[in-house]
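The lines below spell out each chain.
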Amino acid sequence: MKKTYHGSCHCKTVRFECDVDLDAGTSKCNCSLCAKTRYWKAFIGGDDLRMIAGADNLTEYQFGGKNITHFFCKTCGVKPFGRGDLEIMGGVFYGLNLSVLDDLSPEELAAAPLQYQDGLHDNWGEVPTEIRHL
Ligand SMILES: [Zn+2]
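What you see is a predicted model, and the numbers here were worked out from it, not measured in a lab.

(A) Focus on the pattern of salt bridges. One pass over the full model with this rule turns up six salt bridges. Residues Lys-3 and Glu-108 are paired through a salt bridge, measuring 3.2 Å at the closest nitrogen-oxygen approach. One end of the pair, Lys-3, is in strand 1 (residues 3-8); the other, Glu-108, is in helix 2 (residues 106-111), with 105 residues separating them in the sequence. Residue class for Glu-108 comes out partly exposed when judged on its relative accessible area of 25%. Salt-bridge contacts for Asp-102 lead to Lys-12; the nearest nitrogen and oxygen are separated by 3.4 Å.

Shown next, in the form of C-alpha cells:
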C-alpha cells in the first residue's frame with residue numbers, strides 16, 4: 001500500500017513529498033552511475049511525487065541512452081530522484097532515492113523487498129554476478 005513520505009537533499013533546499021509502496025519492491029543496480037553513488041531506489045509513478053521547495057535549485061545530468069534525467073541539488077550535490085518517460089514503465093516515472101526520505105526509518109527500509117539489476121550490461125531483468133558492493 002502506498003504511504004506518503006517526505007524527502008529532502010542534504011542542505012534541505014530541495015524538499016518534496018512522494019507516495020511510495022515499499023512492498024512493491026526496491027532495487028539496486030550496478031550501472032556506472034548507481035554503482036558510484038550506491039543508489040538504492042524505488043520506482044514511483046509520475047503523479048506520485050510533489051515538489052515542496054527547491055525545484056529551481058535542481059540541476060540535471062544525463063548519460064548513455066539519455067532515457068533518464070538525473071536531478072541533483074546545485075548546492076549540496078545530493079540526488080533526490082531521476083525521472084524518465086518510457087512506455088515499458090507505464091509513461092512518466094521517478095527512480096526515487098530512498099536514502100533522502102526523512103521519515104523512512106532504517107528498519108522500514110531494511111524490511112522492504114530488494115532486487116538487484118545488472119544495469120551495467122543493460123540486462124535489467126538479471127541479477128549481477130557480484131552484488132555485495134551495491
Ligand atoms: Zn541541497
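(B) Highlighting the layout of surface pockets. If you add up the space inside the largest pocket, you get close to 650 Å³. Where the lining of the largest pocket is concerned, the elements lending two or more residues are helix 1 (32-37), strand 4 (40-45), strand 7 (68-73), strand 8 (81-86) and strand 9 (91-97). Looking at which element gives the most residues to the lining of the largest pocket, the answer is helix 1, with three residues. Of the residues contributing to the lining of the largest pocket, the split by class is 13 nonpolar, nine polar and four charged. Taken together, 15 residues make up the lining of the second largest pocket; nearest its centre are Ala-24, Gly-25, Thr-26, Ala-42 and Phe-43. Broken down by secondary-structure element, the contributors of at least two residues to the lining of the second largest pocket are strand 2 (15-20), strand 3 (26-29), strand 4 and strand 10 (114-117). With four residues, the single largest contributor to the lining of the second largest pocket is strand 4. When the residues that make up the lining of the second largest pocket are grouped by side-chain class, the tally is five nonpolar, six polar and four charged.

(C) The arrangement of the coordination of the zinc ion in detail. Taken together, Cys-9 (SG), Cys-11 (SG), Cys-73 (SG) and Cys-76 (SG) make up the protein donors of the zinc ion, found 2.3 to 2.4 Å from the metal. Around the zinc ion, the four donor atoms are arranged such that angles at the metal cover 104 to 117°; this shape is classified as tetrahedral. In the primary sequence, the donor residues of the zinc ion line up as C-x1-C-x61-C-x2-C. Among the residues examined, Cys-9 registers a relative accessible area of 3% and is labelled buried.

Rules behind the numbers
Residues numbered from 1 in each chain as written. Predicted model: local features only at pLDDT ≥ 70, side-chain atom pairs only at ≥ 80, totals over all residues. Heavy atoms only, no water. Salt bridge = Lys/Arg side-chain N within 4 Å of Asp/Glu carboxyl O. Helix = DSSP H or I, 4+ residues; strand = E, 2+ residues; numbered from the N terminus. Buried < 20%, exposed > 50% of the residue type's maximum accessible area, 1.4 Å probe, protein only. 1 Å grid on protein atoms, 1.4 Å probe; cavity = no way out; pocket = protein on both sides within 12 Å on 5 of 7 lines; lining within 4 Å. Points joined across faces, edges and corners; volume = space filled by probe spheres on them. Nonpolar A, V, L, I, M, F, W, Y, C, P; charged D, E, K, R; others polar. Donors = N, O, S within 2.8 Å, 3.2 Å for Na, K, Ca; no water. Tetrahedral: all angles 85-135°; square planar, octahedral: opposite > 155°, others 65-115°.

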